[in-house]
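# Inside the fold
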Amino acid sequence: MSEKGIKRFDELNIARLSLISVQERIPPDYRDWSVELEDGDRRYKVTCQAMPEYGVPHGIDTDISAALVNLYIDQGAPADGSVTCTPYQLLQMAGLDTSGRYYAALDESLKRLLTTNYFIAEGWRDHPRKRWTNVNFRYIDRLEFSSGEAERLDATSILKITLPQEIARSVRSGYIKPLDLSFMQTLKRPPTRALYRLLDSQRRDPENPEQVAMSYQVGLMEWAEACKIVTDRPSMAQRTLDAAHEELLEKGFLKSVEYLGRGKKKMLHYTFGEAFIPPDPLLVQSLADIGITHTRALQLVREHGEANVEDTLIRYQTIVTGGYRPRSRPAFFVDLLKNPDKYQTPEEAVTAPEGAKKARRGRGRGESPSDDLEAPSRPLQEEEEPDADLALRALSREAQVEEVMRTLTFLLRNDLKLPELDTLRLALDEGLEDPLDVKAWVLRAVTSGQRTAMIRDLRARLSLVPAAK
């Protein structure tokens, strides 16, 4: 299947080297590890040294690390490696709960990634120069954030995270692979997500990443070492991996897992599901927009083929745009997919699918599939696609602030310092400024070339905001 249109990525060195243990919990004294592994004729060594109070990276650190790379890419991959965001944005990108219980876990994860040192000998790919190099770095080179009580991270904080130059340069040079982050987020436990990320990278040739294998074989104990599983017993290594294997088999990423041989010479043979490489995430997102879950979308693609599902989606949009109101949108789509002759589209729409399909493939994630089809009458359009600001206005005050701060943080991250962004957040939280009015004002200024004057005026307005107690 084609990988075109995928908007989420993994830096290939990080994914292949498995810098984060697949274990959800680690022993209290697990503060360092060192592995020597083979890749064909090449041997390489990776060493990790962590602070005693945090232990080596593990658990949700794999979600946070993947999210940071994608936020960095989303923000234009600046040369200084910086990422500016709120904890809410980071948790949302990582697919973790944003209601509050994960803020303490995020705080600990960031500090663990900040204080852990990695040393890599002959294992880091300098892809533009086509050579293997030695590097040492921390996953987070610098961490700044505004805080509330007790200098801890909370929902109102503004984060500025600087990635190490080794990672930033590699991302900018294009040594990345597609990562189906939405699929990864459907996996229930951190060990499964970490193993998925590692397997999805190991199936690629590191010197020719576009080459993707459909099977992968590795020694069990070597694999346990690569996954940073703390054991020298094959039975324990197998038991630790089996739960993750079961979920990846159930989801279709793996077609089979076979153990060959006995004892410490036992081998693991993975066969990847034929439906993976995953379907176009834009297609999956479009199905989600009409109420079809990610798991169900994958199942439909596997059963009916990506092209058929894509064509049916266009027929669905044509029929609905024409005025038909199904009682259940997901059920209607599935019925249309399974019984295409049961429904008729207007004759003029029959010639549109190919052009509409090409247009949809070139569209960004946030645009609606119905934009490709003939525009309906104005009353219907207003019913189907209400004005974005009206929808935002209907949200709670807290949700408005989160959505507006997401936009403003991205737009103003190079203009305002962290304390200023924090004061802006306070002004919105306290009702001293209207979120939608500020957003509209900033957008008008940016698009009309008045950014400098707007920043000056905004700083003047923020100087009147009382400091947080």
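For the structure, check the block above.
Not measured: the values here are computed from a predicted model. (Residues numbered from 1 in each chain as written. Predicted model: local features only at pLDDT ≥ 70, side-chain atom pairs only at ≥ 80, totals over all residues. Heavy atoms only, no water.)

Once that is clear, we can look at the overall build of the protein. Scanning the protein for helices and strands turns up 20 helices and 14 strands. Classification of the 469 residues of the protein by burial places 51% in the buried group. Residue pairs in contact within the protein that sit at least 24 positions apart in sequence constitute 68% of those at least 6 positions apart. Taken as a whole, the protein presents about 22,200 Å² of accessible surface, with 48% of it coming from carbon and sulfur. (Helix = DSSP H or I, 4+ residues; strand = E, 2+ residues; numbered from the N terminus. Buried < 20%, exposed > 50% of the residue type's maximum accessible area, 1.4 Å probe, protein only. Contact = heavy atoms within 4.5 Å. Areas by Shrake-Rupley, 256 points an atom, 1.4 Å probe, with all protein chains shown as cover.)

Remark on secondary structure: sheet strands pair via backbone hydrogen bonds, oriented parallel or antiparallel. Across the sheet, three strands lie side by side as β12-β14-β13; this open sheet has antiparallel pairing. Every other strand in the sheet has two partners, leaving β12 (215-219) and β13 (254-260) as the edge strands with one partner each. Pairwise comparison of adjacent strand axes, ignoring direction, gives a mean angle of 15° for this sheet. Where β13 and strand β14 (residues 267-272) come together, six bridges link them in antiparallel fashion. In the strand pairing of β14, Leu-260 is matched with Met-267. (Pairing = 2+ DSSP bridges. Axes fitted to C-alpha atoms, helices over the stretch in contact; angles between N-to-C directions.)

All right, on to the packing of aromatic side chains then. Across all of its chains, the model carries twelve aromatic pairs by this definition. Taking the centre distance of 6.1 Å and the plane angle of 45° together, the rings of Tyr-118 and Phe-137 count as tilted. With Tyr-118 in strand β5 (residues 117-126) and Phe-137 in strand β6 (residues 131-138), the pair connects residues that are 19 residues apart, well separated along the chain. By the burial criterion, Tyr-118 is buried, and Phe-137 matches it. An aromatic cluster of three or more residues is present, and its members are Trp-33, Tyr-118, Trp-124 and Phe-137. Across from the ring centre of Trp-132, 5.1 Å away, lies the NZ or CZ of Arg-125, which sits over that ring. The ring of Trp-33 has Lys-228 lying over it, and the distance from NZ or CZ to the ring centre is 4.5 Å. (Phe/Tyr/Trp six-rings, centres within 6.5 Å; stacked < 30°, edge-to-face > 60°. Lys NZ or Arg CZ within 6 Å of the ring centre and 35° of its normal.)

Tallied over the full model, the rule gives 23 salt bridges. Close ionic contact of Asp-39 with Arg-42 constitutes a salt bridge, the shortest N to O distance being 3.0 Å. Salt-bridge contacts for Glu-402 lead to Arg-425; the nearest nitrogen and oxygen are separated by 3.0 Å. Of the two residues, Glu-402 is situated in helix α17 (residues 397-412) and Arg-425 in helix α18 (residues 418-429); the sequence distance between them amounts to 23 residues. (Salt bridge = Lys/Arg side-chain N within 4 Å of Asp/Glu carboxyl O.)

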